[in-house]
Structures are given as structure tokens and as C-alpha cells.
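Examining the three-dimensional arrangement
Okay, here's what each chain looks like letter by letter:
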Amino acid sequence: MELKQLFDSAEYRASDSDFKWVTLLMLHSGLRPSEACQLRISDIKSVNDSTYAISEGVKVSALKTSMR
């Protein structure tokens, strides 16, 4: 039900393709937003004609969670 609301929302439909791809990556792979946004095209590999995988050696940059 929540996914239907997301995909049917005016905000989602009006968003650009980058946002839509990141959303799909997060849903299908369990990535957090910051992890999905840091991926490069070279991090995604084709396993066969219809399956893709994220390379295991992908390094996600550390996020600053507190101010010093």
C-alpha cells in the first residue's frame, strides 16, 4: 500500500529520472539514500540480460554525522 502511494504521488511522477532510478535502486537492493546516491555507473554490473548487481568492492564515503 505504501509503495502504491509513493509511485502514484504527484511528487514522484513529477520527479526527474535520476530520483526515480535512485528510488528503485534503494527498493531493490536495500541501499540507504546516501549509499545509492554515491554509486557510480561503473559500480553496477550486468550479470545477464535482465539482472544487474552492485560490485562488491564499492566503497561508500563516510558521512559526517556530527559537528565538531
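Scroll up to find the structure this text is about.
Residues numbered from 1 in each chain as written. Predicted model: local features only at pLDDT ≥ 70, side-chain atom pairs only at ≥ 80, totals over all residues. Heavy atoms only, no water.

**Thoughts on the side chain of S15**
Convention followed: The helix count covers DSSP runs of H or I at least four residues long, the strand count covers runs of E at least two residues long, and both are numbered beginning at the N terminus. Relative accessible area decides the class of each residue, using a 1.4 Å probe on protein chains only: under 20% of the type maximum gives buried, over 50% gives exposed, and in between gives partly exposed. Throughout this description, a polar contact denotes any pair of N or O atoms lying within 3.5 Å of each other; where both atoms belong to protein, one of them has to be capable of donating a hydrogen while the other can accept it, and for residues adjacent in sequence the pair is counted only when both atoms sit in side chains.
In this structure, S15 sits in the loop between α2 (10–14) and α3 (17–29). With a relative accessible area of 19%, S15 lands in the buried category. Within the local environment of S15, its side chain forms a polar contact with the backbone oxygen of Y12, the two atoms lying 2.6 Å apart.

**Brief notes about the packing of aromatic side chains**
Convention followed: Working definition: rings of Phe, Tyr and Trp (its six-membered ring) pair if their centres are within 6.5 Å, and the pair is stacked with planes under 30 degrees apart, edge-to-face with planes over 60 apart, and tilted otherwise. Note on geometry: a ring has a charge over it if NZ (lysine) or CZ (arginine) is within 6 Å of the ring centre and within 35 degrees of the ring normal.
Counted by the stated rule, this structure contains two aromatic pairs. Look at F7 and Y12: their rings are 5.0 Å apart centre to centre, the planes differ by 80°, and that puts the pair in the edge-to-face class. Of the residues examined, F7 reaches a relative accessible area of 29% and is grouped as partly exposed. Taking the relative accessible area as the measure of exposure, Y12 reaches 9% and is therefore buried. Joined through ring pairs, the aromatic side chains of F7, Y12 and F19 make up one cluster. A cation over a ring is seen here: K20 above Y12, with NZ or CZ 5.6 Å from the ring centre.

**A short note on the layout of surface pockets**
Let me state the cut-off plainly: For cavity detection a 1 Å grid was placed over the protein atoms alone, and a set of points counts as a cavity when a 1.4 Å probe fits there but cannot get out; an open set counts as a pocket when protein lies on both sides within 12 Å along at least five of seven lines, with lining residues being those that have an atom within 4 Å of a point. Grid points are joined across faces, edges and corners, and a volume is the space filled by probe spheres set on the points. Any residue outside Ala, Val, Leu, Ile, Met, Phe, Trp, Tyr, Cys, Pro, Asp, Glu, Lys and Arg is labelled polar, Gly included; the first ten of those are nonpolar and the last four are charged.
Empty space within the largest pocket amounts to approximately 470 Å³. Lining the largest pocket are 16 residues, and of these W21, L25, L39, I44 and Y52 lie nearest its centre. When residues of the lining of the largest pocket are traced back to their parent elements, those giving at least two are α3, α4 (33–37) and β2 (52–54). Per-element tally for the lining of the largest pocket: the top contributor is α3, with seven residues. Split by residue class, the lining of the largest pocket holds twelve nonpolar, two polar and two charged.

**Some points on the environment of L6**
Let me state the cut-off plainly: Contacts were defined at the residue level, with two residues in contact if any of their heavy atoms lie within 4.5 Å.
Looking at the secondary structure, you find L6 in helix α1 (residues 2–8). When its relative accessible area of 30% is taken as the criterion, L6 is described as partly exposed. Those residues in contact with L6, other than ones at most four positions away along the chain, are Y12 and T23.

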